[in-house]
Amino acid sequence: MGAEILRPKETFFQLVAKKGFPNRFSRFCCEKLKEYKVMDKCIMGVRKSESSKRNERYNEPTECRFYGRKTEANHVEAIYPILDWTDDDVLAFIEDRHLTLAPVYYTSRGKIDVSKRLGCMCCPLATERKRILYFKDYPRMARAYLRAGQRFWNNHPDAKVRQRYDNVYEWFARDVFFPREKDWQKANVSLFGKPDWKDFLEREFGIDLTL
């Protein structure tokens, strides 16, 4: 359709190998891969009905946004043309225009499910349950995560995670399955010693995770 596709200078997994696993407090992946200025105006398909947080966050069909420091060079006018559309509105538009969507928007029976999202897979901002389900549905993503994490582990001997965890499997299990410290402490200490976290992850995801 004549659109220009911008490619990041570094892939997500290259960033993980440099910075470790992203989390709610260190979202370097957003900064490097999706949240930066390209032009003075941008059009976004944000809708208030997508979540309660978006309903609170977005109140006007356009707003001024800054990517990085609040300077004129980083200023963008964001425009939200379908902000007030409901799921039914979206579905009606798709059917009226006879649009074909990305496969992720279809159920196993071929029906359109407009409640599905094309956000970043396994994003740390997703709910704990949703993030785990992503990794279970796409176990090779878990293996790619671990491989990148292992590169970070090998190249950063003084990293805090190496002081806290015995290996990258333990670090990953803590990151994905136990976001609350009290749950992690309970899971990681028992009368029989520490669990075999590699074995735990392989059973959860059904895939060989040997690095």
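You'll find the structure just up there.
The sections below set out a description of the structure shown in this document. (Residues numbered from 1 in each chain as written. Predicted model: local features only at pLDDT ≥ 70, side-chain atom pairs only at ≥ 80, totals over all residues. Heavy atoms only, no water.)

### So, helix 6 (residues 139–155)
In an α-helix, one full turn covers 3.6 residues, which means residues spaced three or four apart are oriented alike.
Right, so step 1: With 17 residues, helix 6 extends 25 Å between its outermost C-alpha atoms, agreeing within 8% with the 24 Å of an ideal straight helix rising 1.5 Å per residue.
Right, so step 2: The set of residues buried in helix 6 consists of Pro139, Met141, Ala142, Tyr145, Leu146, Ala148, Gly149, Phe152 and Trp153.
Right, so step 3: Check the buried side of helix 6 and you find it contacts helix 1 (12–19), helix 5 (128–137), helix 7 (160–164), helix 8 (168–177) and helix 10 (197–205). (Helix = DSSP H or I, 4+ residues; strand = E, 2+ residues; numbered from the N terminus. Expected span 1.5 Å × (residues − 1). Buried < 20%, exposed > 50% of the residue type's maximum accessible area, 1.4 Å probe, protein only. Contact = heavy atoms within 4.5 Å.)

### Details of a nonpolar patch on the surface
Right, so step 1: Among the surface-exposed residues, Leu6, Tyr36, Val38 and Met39 lie close enough to one another that they form a single nonpolar patch of about 390 Å² accessible area.
Right, so step 2: The class of Leu6 is partly exposed, set by a relative accessible area of 41%. (Patch = residues over 30% accessible without salt bridge, like charges linked within 9 Å, V, L, I, M, F, W, Y side chains within 5 Å. Areas by Shrake-Rupley, 256 points an atom, 1.4 Å probe, with all protein chains shown as cover. Salt bridge = Lys/Arg side-chain N within 4 Å of Asp/Glu carboxyl O.)

### Looking at the state of the cysteines
Right, so step 1: Applying the stated criterion across every chain yields a total of 0 disulfides.
Right, so step 2: Counting only cysteine sulfurs, Cys30 is the nearest neighbor of Cys29, a cysteine outside any disulfide, at a range of 4.7 Å.
Right, so step 3: On the basis of relative accessible area, Cys29 is assigned to the buried category, the value being 11%.
Right, so step 4: The cysteine Cys64 is free of any disulfide, with Cys42 supplying the nearest cysteine sulfur at 11 Å. (Disulfide = S-S within 2.5 Å.)

### Points about the packing of helix 5 against helix 8
Helix-helix packing is described using two parameters, namely the angle between the two axes and the distance between the axes.
Right, so step 1: Between helix 5 and helix 8, the shortest axis-to-axis distance is 9 Å and the interhelical angle comes to 130°. For the element pair helix 5 / helix 8, the angle class is oblique. Across the interface between the two elements, Glu128, Arg131, Ile132 and Phe135 from helix 5 touch Phe172, Asp175, Val176 and Phe177 from helix 8.
Right, so step 2: A class-by-class count of the residues in the contact of helix 5 with helix 8 yields 5 nonpolar, no polar and 3 charged. (Axes fitted to C-alpha atoms, helices over the stretch in contact; angles between N-to-C directions. Parallel < 35°, antiparallel > 145°, perpendicular 65-115°, else oblique. Nonpolar A, V, L, I, M, F, W, Y, C, P; charged D, E, K, R; others polar.)

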